[in-house]
Amino acid sequence: MTSFKSYFLEKVIKLSVKRVMGKRMLEVGIEERRQKLDAASKRLRMPKNSIVESIQIEGMYAEWISFPDSLNDKVILYLHGGGYEYCSVQTHRTLAAGIGKAAGAKVLIPEYRLAPEHPFPAAIEDAVRVYRWLLEEGYQASNIIVAGDSAGGGLSLAAALVLRDQNEPLPAGIVCLSPWVDLTSSGESYETNRNLDPYLNVEGVWKVAREYAGGESLDHPLISPVFADLTGLPPLLIQAGNHEILQSDAELLAANARKAGVDVSFKVWDGMWHVWQMSGDFLPEARNAIQEIGKFVKRIFNRR
């Protein structure tokens, strides 16, 4: 049973998104839209005792996020969502920090290149580059988990597929929150949840998908990992809500991963919307989801 707070917050989100992403917002350039999203995210509060360190990784801005009790040799490489076109370290710093705190591990969150200026495969190249940098810095692959929300979930899988195909050490696990992994929008939830999803709309998702893909087909396995051979990937945690149009993406990913022999932990959360985990301490369901991620990370790291 969903909480009263979730019912209230979903209504607020619907009204806010309608106002913020209305006609006036669409008339401004993409850079101004990105800036407005960054500005809005500054109201999000970081967990207490969080430590943030800014770094450059081969010209790419990134941040280390840790806590006094974080294990120095355990890392979560967090890849933010935003449809491959929006968001940044600023918008996702609080979510990444909450996950790191629950997991007892450091978090590295980079700002990979965004479409449409940098379409596929730029984001994947950057994600792989940061992962390889971690290995060069002395971190063991068995002590790295790659995580991401929405497009960042798809990016996490695509990066792992590239590493697998190049016979490189794979991360110990992958965490996908409301993953966007079927850019063809073929799942039934794109219709059944069309009027439920307070954040995403089908037409907007389709437009962004084509801009990210550039001239490539949307069913390319690195653009839409649900069409990839997932054999050999590490344990996978997937969370999705049954009020989001991407619910089918997560369901198909879980089914295909299991068919490929991947260890999959998958849960659809009742009454939840796209990346509700960003609501942090305000929402009981967000707190519980983040604690579930923390337990998964600890289980994977302790296994090795």
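Preceding this section is the structure that the text describes.
A brief look at the structure comes next. (Residues numbered from 1 in each chain as written. Predicted model: local features only at pLDDT ≥ 70, side-chain atom pairs only at ≥ 80, totals over all residues. Heavy atoms only, no water.)

## Here we look at the packing of aromatic side chains
Piece 1. Within this structure, the stated rule accounts for five aromatic pairs.
Piece 2. Consider the rings of Y84 and W180, whose centres lie 5.9 Å apart with planes at 40 degrees: the pair is tilted. Of the two residues, Y84 sits in the loop between β3 (71-79) and α4 (89-103) while W180 sits in the loop between β6 (173-177) and α7 (189-192), which places them 96 residues apart along the sequence.
Piece 3. On the basis of relative accessible area, Y84 is assigned to the buried category, the value being 1%.
Piece 4. Geometrically, the ring pair formed by W269 and W276 is tilted, given 5.6 Å between the ring centres and 45 degrees between the ring planes.
Piece 5. You can call W269 buried: its relative accessible area is 8%.
Piece 6. The rings of Y84, F120, W180 and Y212 are connected pair by pair, giving a single aromatic cluster.
Piece 7. Taking the ring centre of W64 as reference, the NZ or CZ of K106 above it sits at 4.3 Å.
Piece 8. The cationic tip of K267 hangs over the ring face of W269; the distance from NZ or CZ to the ring centre is 3.8 Å. (Phe/Tyr/Trp six-rings, centres within 6.5 Å; stacked < 30°, edge-to-face > 60°. Helix = DSSP H or I, 4+ residues; strand = E, 2+ residues; numbered from the N terminus. Buried < 20%, exposed > 50% of the residue type's maximum accessible area, 1.4 Å probe, protein only. Lys NZ or Arg CZ within 6 Å of the ring centre and 35° of its normal.)

## Observations concerning the packing of helix α5 (residues 122-136) against helix α6 (residues 151-165)
Piece 1. Packing of α5 against α6 leaves a shortest axis separation of 9 Å and a crossing angle of 65 degrees. One finds that α5 runs roughly perpendicular with respect to α6. With respect to the hand of their crossing, α5 and α6 are arranged in right-handed fashion. Across from A123, I124, A127, V128, Y131 and R132 in α5, the residues of α6 making contact are L155, A158, A159, V162 and L163.
Piece 2. In terms of residue class, the contact of α5 with α6 is built from 10 nonpolar, no polar and one charged. (Axes fitted to C-alpha atoms, helices over the stretch in contact; angles between N-to-C directions. Parallel < 35°, antiparallel > 145°, perpendicular 65-115°, else oblique. Left-handed = near helix turned anticlockwise from the far one by under 90°. Contact = heavy atoms within 4.5 Å. Nonpolar A, V, L, I, M, F, W, Y, C, P; charged D, E, K, R; others polar.)

## Points about the sheet that holds β3
Paired through backbone hydrogen bonds, the strands of a sheet run either parallel or antiparallel to each other.
Piece 1. On the basis of which strands lie adjacent, the open sheet formed by eight strands has the order β1-β2-β4-β3-β5-β6-β7-β8 and mixed pairing. What marks the edges here is a single partner per strand, and that holds for β1 (51-57) and β8 (264-269). Each neighbouring strand pair of the sheet contributes to a mean axis angle of 20 degrees, computed without reference to strand direction.
Piece 2. Across four bridges, β3 lies against strand β4 (residues 105-110) in parallel orientation. The partner of L71 across the bridge, within β4, is A105. (Pairing = 2+ DSSP bridges.)

## Here we look at the nonpolar core
Piece 1. Grouped together as the largest cluster of nonpolar side chains are 65 residues, with contacts concentrated most on L108, I124, L134, W180, L236 and L253.
Piece 2. Counting residues per element, this core draws most heavily on α6, at nine residues.
Piece 3. Excluding residues within four positions of it along the chain, I124 makes contact with L155, A158, A159, V162, Y212 and L222.
Piece 4. By size, the runner-up hydrophobic cluster in this structure holds 27 residues, among which are I76, A147, V175 and I293. (Core = buried A, V, L, I, M, F, W, Y, C linked by side-chain atoms within 4.5 Å.)

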